[in-house]
Amino acid sequence: MCYAQEQFSDGFVPETVAKRLTATVKPRHLKELCETRSGGGQSLFTKTTVDGIPGYIIRNFTRYNKTAEERRAEIEANAERVRKFRANKRQTTTETTNE
């Protein structure tokens, strides 16, 4: 899940990455995460292909995490807020030193 959040992938984890991240785990454990859970519950991962890349989608990822688009907008808004703050601070500092 950290990988998907870091990579702005909306819950998609490429198969090569999943295997690398789970190198110490038995292959059957990854397979079990893709299987329907006992009692009829949904699997945690769904094996899929995105843009020709095989991998896994984390179920309900965007339900509990911001989407990549939302995160990018938030980052841009924060960057703009910081730019304005710094510009205002420079202007205030310049005015103070000129007095």
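Structure shown above.
Residues numbered from 1 in each chain as written. Predicted model: local features only at pLDDT ≥ 70, side-chain atom pairs only at ≥ 80, totals over all residues. Heavy atoms only, no water.

From N to C terminus, the protein includes five helices and three strands. Listing every helix and strand of the protein by position from the N terminus yields α-β-α-α-β-β-α-α. Scaling as 2.2 N^0.38, a compact globule of 99 residues should have a C-alpha radius of gyration of about 13 Å, whereas the protein reaches 22 Å, well beyond that. Among the 99 residues that make up the protein, the fraction classed as buried is 18%. The long-range fraction of contacts in the protein, counting pairs at least 24 apart against all pairs at least 6 apart in sequence, stands at 48%. For the protein, the exposed surface amounts to about 7,800 Å²; the carbon and sulfur share of it is 52%. Between the averaged position of the 18 positive side-chain charges in the protein and that of its 13 negative side-chain charges there is a distance of 7 Å. (Helix = DSSP H or I, 4+ residues; strand = E, 2+ residues; numbered from the N terminus. Rg over C-alpha atoms; globule rule 2.2 N^0.38 Å. Buried < 20%, exposed > 50% of the residue type's maximum accessible area, 1.4 Å probe, protein only. Contact = heavy atoms within 4.5 Å. Areas by Shrake-Rupley, 256 points an atom, 1.4 Å probe, with all protein chains shown as cover. Lys, Arg positive; Asp, Glu negative; His and termini not counted. Charge placed at Lys NZ, Arg CZ, Asp CG, Glu CD.)

Another aspect to go through is the pattern of salt bridges. Applying the stated rule across the entire model yields six salt bridges. The salt bridge partner of E80 is R83, with a shortest N-O separation of 2.9 Å. Of this pair, E80 and R83 both sit in helix α5 (residues 68-98), three residues apart, which is roughly one turn of that helix. The class for E80 is partly exposed, based on a relative accessible area of 32%. On the basis of relative accessibility, which here comes to 43%, the residue R83 falls in the partly exposed class. Sharing partners across several salt bridges, the network here consists of E15, K19 and K47. (Salt bridge = Lys/Arg side-chain N within 4 Å of Asp/Glu carboxyl O.)

Time to look at the pairing of strand β3 (residues 53-58). Bridge count between strand β1 (residues 12-14) and β3: three bridges; the pairing is antiparallel. By the bridge assignment, P14 is partnered in β3 with G55. In the sheet, strand β2 (residues 45-50) pairs with β3 via six bridges, with the strands oriented antiparallel. Opposite T48, over in β3, you have G55 as the bridge partner. With antiparallel pairing between neighbouring strands as the criterion, β2 and β3 make up a hairpin whose turn holds two residues, including D51 at a positive phi of roughly 50°. (Pairing = 2+ DSSP bridges.)

Everything listed is a geometric property; what it means functionally is a separate question.
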